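What follows is each chain in one-letter form.
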Amino acid sequence: MHPLRRKPFASYRHSLWLLTTRDLKVRYSTSVLGYVWSVLDPLVMAGIYWFVFTEVFERSAGFQPYIVFLLTALLPWMWFNGSVSDSTRAFLKDAKLVRSTMIPRTIWVNRIVLSKGIEFIFALPVLALFAVIFGTPPSWEIVFFPLAIVLQAILTAGICLMVAPLVVFFRDLERAVKLILRFLFYATPIIYATTDLPGGVQFWAAFNPLSGIFSLYRAAFFPQQLIWFEVLISALMSIAFLIAGLLVFRASERQVLKEI
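Predicted model, so just to flag it, every value in this text is computed and none were measured.

Colleague: Account for the pattern of salt bridges, naming residues and giving values.
Modeller: According to the stated counting rule, one finds five salt bridges in the structure shown. Linking Asp23 and Arg111 is a salt bridge whose minimum nitrogen-to-oxygen distance equals 2.7 Å. Here Arg111 lies in helix α6 (residues 107-133) and Asp23 lies in helix α1 (residues 8-29), a separation of 88 residues in the sequence. Residue classification places Asp23 among the buried positions, given a relative accessible area of 11%. Between Lys116 and Asp86 there is a salt bridge; the shortest N-O distance is 3.4 Å. One end of the pair, Lys116, is in helix α6; the other, Asp86, is in helix α3 (residues 66-87), with 30 residues separating them in the sequence. Look at Asp86 and you get partly exposed, because its relative accessible area is 32%. One salt-bridge network, held together by shared partners, links Arg22, Asp23 and Arg111.

Colleague: Account for the packing of helix α10 (residues 209-218) against helix α11 (residues 228-259), with residues named and values stated.
Modeller: Packed helix pairs are specified by the crossing angle of their axes together with the interaxial distance, meaning the distance between the axes. The interhelical angle for the contact between α10 and α11, taken along N-to-C directions, is 125°, at an axis separation of 7 Å. Between α10 and α11, the interaxial angle falls into the category oblique. The element α10 and its partner α11 pack so that their crossing is left-handed. From α10, Pro209, Leu210, Ser211, Gly212, Ile213, Ser215 and Leu216 reach across to α11, where they touch Glu230, Val231, Ser234, Met237, Ser238 and Phe241. Each residue belonging to the contact of α10 with α11 can be placed in one class, and the counts come to seven nonpolar, five polar and one charged.

Colleague: Mind laying out empty space enclosed by the protein, listing which residues take part and the relevant values?
Modeller: Following the criterion strictly, the structure yields two cavities of 30 Å³ or more and no others. Roughly 40 Å³ of internal volume is contained in the largest cavity. Surrounding the largest cavity, Pro189, Thr194, Ser211, Phe214, Ser215, Arg218, Gln225 and Glu230 form its lining. The element contributing the most residues to the lining of the largest cavity is α10, with four residues. Here the lining of the largest cavity is built from residues that sort into two nonpolar, four polar and two charged. Put simply, the second largest cavity is a space of about 40 Å³. When residues in the lining of the second largest cavity are grouped by element, the largest group, five residues, is from α11. Of the residues assigned to the lining of the second largest cavity, the class counts are five nonpolar, one polar and two charged.

The rules behind the values
Residues numbered from 1 in each chain as written. Predicted model: local features only at pLDDT ≥ 70, side-chain atom pairs only at ≥ 80, totals over all residues. Heavy atoms only, no water. Salt bridge = Lys/Arg side-chain N within 4 Å of Asp/Glu carboxyl O. Helix = DSSP H or I, 4+ residues; strand = E, 2+ residues; numbered from the N terminus. Buried < 20%, exposed > 50% of the residue type's maximum accessible area, 1.4 Å probe, protein only. Axes fitted to C-alpha atoms, helices over the stretch in contact; angles between N-to-C directions. Parallel < 35°, antiparallel > 145°, perpendicular 65-115°, else oblique. Left-handed = near helix turned anticlockwise from the far one by under 90°. Contact = heavy atoms within 4.5 Å. Nonpolar A, V, L, I, M, F, W, Y, C, P; charged D, E, K, R; others polar. 1 Å grid on protein atoms, 1.4 Å probe; cavity = no way out; pocket = protein on both sides within 12 Å on 5 of 7 lines; lining within 4 Å. Points joined across faces, edges and corners; volume = space filled by probe spheres on them.

So this is what it looks like as structure tokens:
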């Protein structure tokens with residue numbers, strides 16, 4: 001079907017997919033190792049934390065096997081971290097295209113979330129491989145894995161829709177976002193479980209929207225990590241962030257086009 005005859009949603013979806021595949025092709029075609037880089041970073045991080053916590057300090061954090069426990073949160077974290085970080089350049093990087101094309105401008109943000117999400121999906125075989133190596137069979141709670149992906153996509157898109165236009169007005173926000181992400185990494189149950197936290201802190205940790213999402217991922221191999229209170233909070237906050245992101249984006253879109 002000719003692009004001009006497509007319905008608005010179909011046209012948006014088509015354009016989003018074209019831009020996303022373009023990003024992935026450019027990213028992998030200019031790299032010798034290609035796909036390996038999408039999994040090497042979380043693998044190196046997982047290896048470092050595994051060595052520090054199990055070999056150096058010999059402390060029991062999370063659940064065993066610890067390397068699988070780490071990867072179930074590190075891989076989705078890389079999706080979230082990469083999307084939010086790259087969204088700070090969503091408009092500035094392709095300023096000419098953003099100004100000259102008539103496609104909805106949200107597509108320039110959503111294409112980042114989608115491309116990073118596809119990289120996350122491509123990295124899942126690595127998680128499956130480590131689960132097999134360390135004898136960690138999946139539980140029936142793996143059926144909630146798609147729900148975790150949907151919730152994370154909603155949350156990430158909402159945050160990116162707020163960050164992308166605000167950085168155009170406040171350039172220092174780009175560095176601030178990197179600092180916030182660094183803090184959020186340690187404030188999120190990635191290298192530890194929420195059950196490792198003191199009782200009073202566990203309640204407030206649930207209001208980190210990533211906590212419930214990551215508990216859904218981890219439940220695939222560690223059923224005891226599934227805490228429905230955290231999941232409910234994450235779902236509500238993800239929807240709230242998406243609504244807030246759309247409102248901020250629409251309110252600032254015209255001014256963004258003038259600034260870039």
